[in-house]
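Given next are the chains, with one letter for each unit.
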Amino acid sequence: MFERFRAFQSLTREIRTTRPAPLDESGRQLVKIHVSDDSNFLSPFSTDGLPMLSSETAEFLEHSIKHLRPDTPLHIEIEGQCIDAEERILYEKAIRSYYHAEFSETVRNIRKNTIQTVTMTFLAALTFALALILTNRAAQSVFLEMIDVVAWVFMWEAADIFFFQRSTLRMKRLRYFNTLYNLKGRFKNSERIPEPPLWHWS
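What counts, and where the lines are drawn
Residues numbered from 1 in each chain as written. Predicted model: local features only at pLDDT ≥ 70, side-chain atom pairs only at ≥ 80, totals over all residues. Heavy atoms only, no water. Helix = DSSP H or I, 4+ residues; strand = E, 2+ residues; numbered from the N terminus. Buried < 20%, exposed > 50% of the residue type's maximum accessible area, 1.4 Å probe, protein only. Areas by Shrake-Rupley, 256 points an atom, 1.4 Å probe, with all protein chains shown as cover. 1 Å grid on protein atoms, 1.4 Å probe; cavity = no way out; pocket = protein on both sides within 12 Å on 5 of 7 lines; lining within 4 Å. Points joined across faces, edges and corners; volume = space filled by probe spheres on them. Nonpolar A, V, L, I, M, F, W, Y, C, P; charged D, E, K, R; others polar. Salt bridge = Lys/Arg side-chain N within 4 Å of Asp/Glu carboxyl O. Pairing = 2+ DSSP bridges. Right-handed = clockwise from strand over helix to strand, strands pointing away. Expected span 1.5 Å × (residues − 1). Bend = angle between axes of the 7 residues up to and from the residue. Contact = heavy atoms within 4.5 Å. Axes fitted to C-alpha atoms, helices over the stretch in contact; angles between N-to-C directions. Parallel < 35°, antiparallel > 145°, perpendicular 65-115°, else oblique.

## Structural notes on the overall build of the protein chain
Here's step 1: If you tally the helices and strands in the protein chain, you get 4 helices and 4 strands.
Here's step 2: Helices (α) and strands (β) of the protein chain occur, in sequence order from the N terminus, as α-β-α-β-α-α-β-β.
Here's step 3: Within the span of the protein chain, comprising 202 residues, buried residues form 32% of the whole.
Here's step 4: For the protein chain, the accessible area works out to roughly 14100 Å², and carbon and sulfur atoms hold 60% of it.

Below you can see the structure in the form of structure tokens.
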């Protein structure tokens, strides 16, 4: 048991002393990703003829930046000898398409979140009003307690959706917006060849 505790302390210290990701020359957070095989970089499916990232690539990109603040200026450098000039163009479009789709989906979820909050609040108010009316008419106490519980369930659900779920969605929206409109990136070959151009979406 003590060995596990010491191992836990050691791992905690290691995490605390981990050096932060380096910055590029303009002060952006530099995230380096190495690709040894790009055969599954893109999904075999697409919408409107736009290239789309595979689920594996998208998950890895999210994992690479999820520890950073949502408003962090990013510079993603993707390195690999397997990526040629034509693929760089496709992959850049695919990355942009992915973040555009995620941003749009998050905006829709926030709108849905707002509608759910208003609906739950309205139902809570309606149920409380019903309980008040029944109280004035001397309804049975057991029935009134049931209605009171239902009203509070609606109210707590509205609070959970608005204050907890909505905050998570807003953080995701900020991250996707920042990545979509403020990202700089470069596809870099591992060999000693001239640097490819830097792409910037904003």
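## Some points on empty space enclosed by the protein
Here's step 1: Enumeration over the complete set of coordinates arrives at 1 cavity of 30 Å³ or more.
Here's step 2: Put simply, the largest cavity is a space of about 40 Å³.
Here's step 3: The element best represented in the lining of the largest cavity is helix H4 (residues 141-182), accounting for 3 residues.

## Notes on the layout of surface pockets
Here's step 1: Quantified by volume, the largest pocket comes out at close to 300 Å³.
Here's step 2: What lines the largest pocket is a set of 13 residues, among which Val35, Asp37, Phe41, Glu56 and Thr57 lie closest to the centre.
Here's step 3: With 4 residues, helix H2 (residues 55-65) is the largest single contributor of residues to the lining of the largest pocket.
Here's step 4: For the lining of the largest pocket, the residue count by class is 6 nonpolar, 5 polar and 2 charged.

## Some details on the pattern of salt bridges
Here's step 1: As enumerated under the stated definition, the model contains 2 salt bridges in all.
Here's step 2: Linking Asp71 and Arg69 is a salt bridge whose minimum nitrogen-to-oxygen distance equals 3.2 Å.
Here's step 3: Accessibility expressed as a relative area gives 37% for Asp71, which makes it partly exposed.
Here's step 4: Here Glu105 makes a salt bridge to Arg108, at a shortest N to O gap of 2.7 Å. Residue Glu105 and its partner Arg108 are both found in helix H3 (residues 85-136); the two are separated by 3 residues, about one turn of the helix.
Here's step 5: By relative accessible area, Glu105 is classed as partly exposed at 36%.
Here's step 6: The exposure class of Arg108 is partly exposed, given its relative accessible area of 44%.

## Observations concerning the pairing of strand S1 (residues 29-34)
Each regular strand carries side chains that alternate between the two faces of the sheet.
Here's step 1: The pairing of S1 with strand S2 (residues 74-79) spans 6 bridges and is classified as parallel. Within S2, the position partnered with Lys32 by the bridge is Glu77.
Here's step 2: With H2 bridging S1 and the parallel S2, this β-α-β connection has right-handed handedness.

## Examining H4
Structural remark: α-helix, 3.6 residues per turn; residues separated by three or four positions point the same way.
Here's step 1: In this model, H4 (42 residues) spans 59 Å end to end at C-alpha, consistent with the 62 Å of a helix rising 1.5 Å per residue.
Here's step 2: Residue Arg166 marks the point of greatest curvature in H4, where the axis turns by about 35°.
Here's step 3: Considered for burial, the residues of H4 that qualify are Leu144, Ile147, Ala151, Ala158, Ile161, Arg166, Leu169, Arg175, Tyr176, Asn178, Thr179 and Leu180.
Here's step 4: Close packing links the buried residues of H4 with H2, S2, H3 and strand S3 (183-188).

## Some words on the packing of H2 against H3
Here's step 1: Orientation of H2 relative to H3, taken along the N-to-C sense of each, is 75°, at an axis distance of 12 Å. The orientation of H2 relative to H3 falls into the category roughly perpendicular. In this structure, H2 uses Ala58, Leu61, Glu62 and Ile65 to contact H3, whose residues at the interface are Ile95, Tyr98 and Tyr99.
Here's step 2: Classifying every residue of the contact of H2 with H3 by side-chain character gives 6 nonpolar, no polar and 1 charged.

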